[in-house]
Amino acid sequence: MNRSDVVIVGGGIMGCASAFFLRRRGLSVTLIERGLTGQQASGTNFGNVRRQGRYLHQLPLANRAREIWGRLPELIGEDCEFVASGHLRVCYTPDQAARLEAYARDASAYGLDLEMISANALRHRFPYIGREAIAGCFAPVDGHANPRLTAPAFGRAAVRAGARLEEGTEVLGIERDGEDFRVATRERGEFRAPVVLVTAGAWGNRLSSTFGEPVPLSVHGPQMAVTEPLPYRIEPTFGVSTPHVHETVYFRQVKRGNIVYGGSTRGPASNETNRAAVLPENILGQFAQMRRVIPALARVAIIRTWSGVESYLPDDVPVMGPSATTPGLFYAFGFCGAGFQIGPGVGDVMAELIATGATTTPIEPYSIARFAAPAESPTP
Ligand SMILES: Cc1cc2nc3c(=O)[nH]c(=O)nc-3n(C[C@H](O)[C@H](O)[C@H](O)COP(=O)(O)OP(=O)(O)OC[C@H]3O[C@@H](n4cnc5c(N)ncnc54)[C@H](O)[C@@H]3O)c2cc1C
């Protein structure tokens, strides 16, 4: 029988976490994924579990997610290599230091404690930091995790909790049919449910468009690389705070010793071919910027590069919440960067919303209704 309380379309971190939290609320769930869970953005990302620097309105959701990251072993039986290593943003100019300080002041009202660190203190605590960094802002309990592990771990936990997972199954279309939706797939026929949740990442717009809710979604490919392993020294995740895109770089060292890094301008990506290109000049530019932060990395070898298909909306925030046209239809897609950190919180919030009709975490800024065409005014 292909009927459940909820059908979820898309098995990235949003879909897998939603399936898990919906099962914890007792709803029957079918999760449908075209490829394998975590195969797209959720498995190719940098792995930053960072709240520092987010829009202030997103901090309640990020805080809810951070609480879940800390309880992964108890909730899903795996830690996904999450470490609360701290997240340090350094800067090169007094103007930028003032911006970091203002953000730290504003973020404290949302329960995010950040510590400004002067140039001297910075080099005392992190002796490998280069002379160009004049200040830093430290988030002590942000950190990083392994994206290859996380969405599949939530998917497996959802299955253990009773969810049905259909991988290798592409949703071709969704239609209302009385009380139910009919969800047509290429490989496994039709599934039915009174509630559908679209968590189809950079492909979500195709499905929302069929319900009269297109969104101006574009796709790009952030540029990633990893170095050979070095002795483990760099505990926090690093970022550079700068208004100049070519100076942006973020990096983290994993316990095995490799340094994963990204930043700078994004490369081309396509949600038709499902590919994202690596631009060698970006990878090398980021490397030069990483070396500015930690000069001792000058001679380390890069061993692999990659990118992933990431979705963006013009206001840089996702679509999350109920459809504005169709009762029973919900969306959580179009996460414009930084979606990995909030993923577990998104799953928890969407499960709460679907099960109870409301959520205690504000998600109003993410309503799909913000893209609705303005109603035509009557001709005088
Ligand atoms: C290179 C890169 C670096 C990033 N770095 C970070 C970072 O450090 N920190 C951070 O917080 N965020 C980061 N992000 C962003 C983050 O990865 C994404 O916001 C997040 O993973 C989005 O998750 P998702 O589940 O919405 O999308 P996805 O992971 O893309 O999952 C969507 C799934 O839907 C499936 N699907 C689509 N259409 C259909 C269909 N018709 N039928 C069935 N299945 C379908 C796809 O196959 C896919 O598996 C990065 C992203 C990229 C690409």
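These lines cover the structure that appears in this document, whether it is placed above or below. (Residues numbered from 1 in each chain as written. Predicted model: local features only at pLDDT ≥ 70, side-chain atom pairs only at ≥ 80, totals over all residues. Heavy atoms only, no water.)

## A few points about unusual backbone geometry
Rules: Only DSSP runs of H or I reaching four residues or more are called helices, and only runs of E reaching two or more are called strands; each is numbered from the N terminus. The buried label applies to any residue whose accessible area, calculated with a 1.4 Å probe on protein chains only, is under 20% of its type's maximum; exposed applies above 50%, and partly exposed to all values in between.
Positive phi, close to 60°, is recorded for Glu81, a residue that is not glycine. Mapped onto the secondary structure, Glu81 falls in the loop between helix H4 (72–76) and strand E4 (87–91). Residue classification places Glu81 among the partly exposed positions, given a relative accessible area of 33%. At Asn274, a residue that is not glycine, the phi angle is positive and equals roughly 65°. Examined against the element boundaries, Asn274 turns out to sit in the loop between strand E16 (259–270) and strand E17 (275–276).

## Overview of the layout of surface pockets
Worth spelling out the cut-off: A pocket, in this scheme, is an open set of points on a 1 Å grid over the protein atoms alone with protein on both sides within 12 Å along at least 5 of 7 lines, while a cavity is a set where a 1.4 Å probe fits but cannot get out; residues line either one if an atom lies within 4 Å of a point. Grid points are joined across faces, edges and corners, and a volume is the space filled by probe spheres set on the points. Residues are grouped as follows: Ala, Val, Leu, Ile, Met, Phe, Trp, Tyr, Cys and Pro are nonpolar; Asp, Glu, Lys and Arg are charged; every other residue, Gly included, is polar.
A volume near 450 Å³ is recorded for the second largest pocket. Asn146, Arg252, Val254, Arg256 and Val260 are the residues nearest the centre of the second largest pocket, which is lined by 22 residues in total. When contributions to the lining of the second largest pocket are tallied by element, the ones reaching two or more residues are helix H2 (41–44), helix H7 (147–160), strand E15 (249–253) and strand E18 (302–307). Looking at side-chain class alone, the lining of the second largest pocket contains 9 nonpolar, 7 polar and 6 charged residues.

## A short note on the sheet that holds strand E12 (residues 195–198)
Under the convention used in this document: In this scheme, strands are said to pair when DSSP sees at least two bridges between them. Fitted lines through C-alpha atoms serve as axes, helices being fitted only where they are in contact, and the angles separating the N-to-C directions of these axes extend from 0 to 180 degrees. By definition in these notes, contact holds between two residues if any of their heavy atoms fall within 4.5 Å.
Taking strand neighbours across the sheet as the criterion, the 6 strands line up as E8-E2-E1-E12-E21-E20 in an open arrangement whose pairing is mixed. In this open sheet, the two strands that pair with only one neighbour each are strand E8 (164–166) and strand E20 (319–322). Neighbour to neighbour, the strand axes of the sheet diverge by 15° on average, direction disregarded. Across 4 bridges, strand E1 (residues 6–9) lies against E12 in parallel orientation. Residue pairing across strands places Val9 opposite Val198, the latter belonging to E12. Each of E1, strand E2 (29–32), E12 and strand E21 (329–333) touches helix H1 (residues 13–24); the most contacted strand, E2, lies at about 170° to it.

## Structural notes on the site of the ligand
Heads up, the rule is: Note on definitions. A residue lies near a molecule or strand when any single heavy atom of the residue is within 4 Å of it. A 3.5 Å cut-off defines polar contacts: any pair of N or O atoms within that distance qualifies, except that in protein one atom must be a possible hydrogen donor and the other a possible acceptor, and neighbouring residues in sequence count only when both atoms are side-chain atoms.
Around the ligand, the surrounding shell holds 34 residues, and the nearest of these are Glu33, Ser42, Val171, Ala338 and Gln341. Between the ligand and Met14 there is a distance of 3.2 Å, counted from an oxygen atom to a backbone nitrogen or oxygen. One nitrogen or oxygen atom from the main chain of Gly339 is found 3.2 Å from a nitrogen atom belonging to the ligand. Elements supplying a minimum of two residues to the shell around the ligand: H1, H2, strand E13 (218–227) and helix H10 (339–356).

## Quick word on the environment of Pro194
Looking at the secondary structure, you find Pro194 in the loop between strand E11 (190–193) and E12. Residue classification places Pro194 among the partly exposed residues on the basis of a relative accessible area of 27%. The sequence separation of Pro194 and Asp5 amounts to 189 residues, and the corresponding C-alpha distance is 6.1 Å.

## Here we look at the sheet that holds E11
Read across the open sheet, the 3 strands follow the order E9-E10-E11; overall the sheet is antiparallel. Looking at which strands have only one partner, the edges of the open sheet turn out to be strand E9 (171–177) and E11. Each strand of the sheet is rotated relative to its neighbour by a mean of 20°, with strand direction disregarded. Here E9 pairs with strand E10 (residues 180–185) via 6 bridges, running antiparallel. Considered in E10, the bridge of Val171 is made with Thr185.

## A closer look at the pattern of salt bridges
Inclusion rule: Throughout this description, the term salt bridge denotes a Lys or Arg side-chain nitrogen within 4 Å of a carboxyl oxygen of Asp or Glu.
Following the criterion strictly, the structure yields 21 salt bridges and no others. One salt bridge connects Arg3 with Asp180, and the closest N-O pair in it is separated by 2.7 Å. Highlighted residues: Arg3 in the segment before E1 and Asp180 in strand E10, separated in sequence by 177 residues. The class for Arg3 is partly exposed, based on a relative accessible area of 39%. In this structure, the salt-bridge partner of Arg182 is Glu175, at a minimum N-O distance of 3.1 Å. The class for Arg182 is partly exposed, based on a relative accessible area of 28%. Connected through salt bridges with shared partners, the residues Arg3, Glu175, Asp177, Asp180, Arg182, Glu190 and Arg192 form a single ionic network.

## Here's the deal with H1
Because each turn of an α-helix spans 3.6 residues, side chains separated by three or four positions in sequence point in the same direction. Stated precisely, the cut-off is as follows: To estimate the expected span of a helix, subtract one from its residue number and multiply by 1.5 Å.
End to end, H1 covers 17 Å across 12 residues, agreeing with the expected 16 Å (1.5 Å per residue, within 8%). Among the 12 residues in H1, 10 count as buried, and that is most of the element. Gly26 sits one or two residues past H1 and shows a positive phi near 90°.

## Some details on the pairing of E15
Counted residue by residue, E15 has 4 buried out of 5 residues, so it is predominantly covered. Strand direction decides the pairing type here: E15 and E16, joined by 5 bridges, are antiparallel. Residue pairing in the sheet places Tyr250 in a bridge with Gly262 of E16. Taking the residues between adjacent antiparallel strands as the criterion, E15 and E16 are bridged by 5 residues, where Gly257 takes a positive phi near 115°.

## Focus: the packing of aromatic side chains
This is how the line gets drawn: Only the six-membered ring of Trp is used, alongside the rings of Phe and Tyr, when aromatic pairs are assigned; centres must lie within 6.5 Å, and planes under 30 degrees apart are stacked while those over 60 apart are edge-to-face, with the rest tilted. Only Lys NZ and Arg CZ are tested; either one counts as a charge over a ring when it is within 6 Å of the ring centre and within 35 degrees of the ring normal.
Under the defined criterion, the tally for this structure stands at 14 aromatic pairs. Taking 4.7 Å as the distance between ring centres and 65° as the angle between the ring planes, the aromatic pair formed by Phe46 and Tyr250 counts as edge-to-face. Here Tyr250 lies in strand E15 and Phe46 lies in the loop between H2 and strand E3 (48–49), a separation of 204 residues in the sequence. The class for Tyr250 is partly exposed, based on a relative accessible area of 24%. Where Tyr331 meets Phe333, the ring centres are 5.6 Å apart and the plane angle is 85°; that geometry is what we call edge-to-face. Three or more aromatic residues link up through ring pairs in this structure, and these residues are Phe126, Tyr128, Phe138, Phe238 and Phe251. Lying across the ring of Phe46, Arg252 places its NZ or CZ 5.5 Å from the centre.

By themselves, these are just geometric observations and shouldn't be taken as functional.
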